[in-house]
Amino acid sequence: NAGVTQTPKFRILKIGQSMTLQCAQDMNHNYMYWYRQDPGMGLKLIYYSVGAGITDKGEVPNGYNVSRSTTEDFPLRLELAAPSQTSVYFCASSYGGSTQYFGPGTRLLVL
Amino acid sequence: AQRVTQPEKLLSVFKGAPVELKCNYSYSGSPELFWYVQYSRQRLQLLLRHISRESIKGFTADLNKGETSFHLKKPFAQEEDSAMYYCALSEGGANNLFFGTGTRLTVIP
């Protein structure tokens, strides 16, 4: 099993551009999560999903959108990128809300 | 509101010395507490959770509701324990986690 995979590993965006961060898991987990981690800070929840077709906001959802059309995939969409969205983004998954398994992260720089 | 506080950003101990990483939380209900660890060039992974009451890699953590703490302890630190440690809290439900800012532990040979 690959576990939780994220693409890309690193990306530079210009202000106002859009992009989608990809996340996939092959563990048949129903719960998936997106976190961001700013320098020197802990991870903060952006959005989460408890199953295909169901998503909900976390602590810091502004500027992001998600979708969950399949159990495996949970893409995070950034519209109109801003410098404040410069961060490391982590995707995670769990079965029934238990132990979360994390991806390797995507480092995003908005200039 | 800051739910999880880790007061030490950096902690250095000598190999073989005891180590304690502090974690305090604020939550009025019955939280579930976790310690996650990130070793160099590896992804974040669960170290232990309080409901399991188990010892992982020699680490233990006891939930103290009176002091609202969940400190991580190990009696004899090893070099391979050097890593970034995050305390996290879940309020239940979908188990959304609230993380502390992390403590970087360095074990000096």
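Note that the coordinates shown come from a computational prediction; the quantities given were computed from them, not determined experimentally.

Undergrad: Would you take a moment to explain the sheet that holds strand 8 (residues 72–74) of chain B for this structure?
TA: Hydrogen bonds along the backbone pair up the strands of a sheet, which may run parallel or antiparallel. Residues and elements named next belong to chain B. Read across the sheet, 3 strands follow the order 3-8-7 without closing on themselves; strand pairing throughout is antiparallel. The open sheet is flanked by strand 3 (19–21) and strand 7 (60–61), the only strands paired with a single partner. As defined by bridge partners, strand 7 adjoins strand 8 across 2 bridges and the pair is classed as antiparallel. For T60, the partnering residue across the bridge sits in strand 8 and is K73.

Undergrad: Help me understand the sheet that holds strand 8 (residues 76–78) of chain A in this model?
TA: Residues and elements named next belong to chain A. Taken together, 4 strands build an open sheet; the order of strands is 1-3-8-7 and the sheet is antiparallel. Both outer strands of the open sheet, strand 1 (4–7) and strand 7 (64–66), are each paired with one neighbouring strand and no more. Between one strand axis and the next, the sheet turns by 20 degrees as a mean value, whatever way the strands run. With 4 bridges connecting them, strand 1 and strand 3 (residues 19–25) associate as antiparallel partners. Bridge pairing links V4 to Q25 in strand 3.

Undergrad: Would you mind showing me how to read the interface of chain B and chain A here?
TA: Note: interface size is frequently given as the accessible area lost on complex formation between the parts. Across the contact, 17 residues belong to chain B and 22 residues belong to chain A. Across the chain B/chain A interface, buried area totals approximately 1500 Å², and carbon plus sulfur atoms make up 50% of it. The tally of links from chain B across to chain A stands at 0 salt bridges. Where chain B meets chain A, there are 7 residue pairs in polar contact (both at pLDDT 80 or more). Contributing elements (two or more residues each) for the side of chain B that touches chain A: strand 5 (32–38), strand 6 (45–49) and strand 10 (97–99) of chain B. The element best represented in the side of chain B that touches chain A is strand 10 of chain B, accounting for 3 residues.

Undergrad: Would you mind going over the state of the cysteines with me for this structure?
TA: Disulfides are covalent bonds that connect the sulfur atoms of two cysteines. All names here are of chain A. The full count for this structure, using the stated rule, is 2 disulfides over all chains. Residue C23 pairs covalently with C91 via a disulfide, S to S 1.8 Å. Disulfide C23 to C91: torsion about the S-S bond roughly -70 degrees, handedness left-handed. Highlighted residues: C23 in strand 3 and C91 in strand 9 (residues 87–94), separated in sequence by 68 residues. Of the two residues, C23 and C91, neither departs from the other in class, the shared state being buried.

Undergrad: Quick question: what am I supposed to make of unusual backbone geometry here?
TA: Leaving glycine out, the prevailing phi sign among residues is negative, and the prevailing peptide bond configuration is trans. Residue P8 of chain A follows T7 of chain A across a cis peptide bond; omega there is -5 degrees. Inspection of the secondary structure puts P8 of chain A in the loop between strand 1 and strand 2 (10–13). In this structure, T68 of chain B is a non-glycine residue whose phi angle is positive, near 45 degrees. With respect to the helices and strands, T68 of chain B occurs in the loop between strand 7 and strand 8. T68 of chain B gets classed as partly exposed once you look at its relative accessible area, which sits at 27%.

Undergrad: Just to check I follow, could you spell out the layout of surface pockets for this structure?
TA: Gaps between atoms show up when a probe of the same size as a water molecule is rolled over them. Estimated volume of the largest pocket: approximately 770 Å³. Lining the largest pocket we find 32 residues, and of these Q37, V88, F90 and R107 of chain A together with Q38 of chain B sit closest to its centre. Breaking the lining of the largest pocket down by element, the ones donating at least two residues are strand 9 and strand 11 (106–110) of chain A together with strand 9 (83–90) of chain B. It is strand 11 of chain A that contributes the most residues to the lining of the largest pocket, 4 residues altogether. Looking at the lining of the largest pocket residue by residue, the class counts come to 13 nonpolar, 12 polar and 7 charged.

Undergrad: I keep staring at the packing of aromatic side chains and nothing clicks. Help me out?
TA: For any pair of aromatic rings, the description rests on two quantities: the centre-to-centre distance and the angle between the ring planes. Scanning the model with the defined rule gives 10 aromatic pairs over all chains in all. The structure contains a cluster of three or more aromatic residues connected by ring pairs, namely Y33, Y35 and F102 of chain A together with F34, Y36, Y86 and F99 of chain B. Sitting over the ring of F74 of chain A, R68 of chain A keeps its end group 6.0 Å from the ring centre. The side chain of R3 of chain B reaches across the aromatic face of F98 of chain B, ending 3.9 Å from its centre.

Undergrad: How do you make sense of the nonpolar core when you look at a structure like this?
TA: The nonpolar side chains of soluble globular proteins are, as a tendency, buried together. Membership of the largest hydrophobic core comes to 25 residues, with the highest contact counts inside it found for W35, L72 and Y85 of chain B. Those elements giving two or more residues to this core turn out to be strand 2 (10–14), strand 3, strand 5, strand 6, strand 9 and strand 11 (103–108) of chain B. With 4 residues, the single largest contributor to this core is strand 9 of chain B. Apart from residues no more than four positions distant in its own chain, Y85 of chain B is found in contact with Q6, L21, W35, Y36, V37, Y39, L47, F59, L72, G102, T103 and L105 of chain B. Residues V4, L13, C23 and L108 of chain A belong to the second largest nonpolar core, which totals 19 residues.

Conventions used here
- Residues numbered from 1 in each chain as written.
- Chains lettered and ligands numbered in written order.
- Predicted model: local features only at pLDDT ≥ 70, side-chain atom pairs only at ≥ 80, totals over all residues.
- Heavy atoms only, no water.
- Pairing = 2+ DSSP bridges.
- Helix = DSSP H or I, 4+ residues; strand = E, 2+ residues; numbered from the N terminus.
- Axes fitted to C-alpha atoms, helices over the stretch in contact; angles between N-to-C directions.
- Contact = heavy atoms within 4.5 Å.
- Buried area = accessible area lost by both parts, 1.4 Å probe.
- Salt bridge = Lys/Arg side-chain N within 4 Å of Asp/Glu carboxyl O.
- Polar contact = N/O pair within 3.5 Å; in protein donor to acceptor, adjacent residues only side chain to side chain.
- Disulfide = S-S within 2.5 Å.
- Buried < 20%, exposed > 50% of the residue type's maximum accessible area, 1.4 Å probe, protein only.
- 1 Å grid on protein atoms, 1.4 Å probe; cavity = no way out; pocket = protein on both sides within 12 Å on 5 of 7 lines; lining within 4 Å.
- Points joined across faces, edges and corners; volume = space filled by probe spheres on them.
- Nonpolar A, V, L, I, M, F, W, Y, C, P; charged D, E, K, R; others polar.
- Phe/Tyr/Trp six-rings, centres within 6.5 Å; stacked < 30°, edge-to-face > 60°.
- Lys NZ or Arg CZ within 6 Å of the ring centre and 35° of its normal.
- Core = buried A, V, L, I, M, F, W, Y, C linked by side-chain atoms within 4.5 Å.

Function cannot be inferred from these measures alone, as they are strictly geometric.
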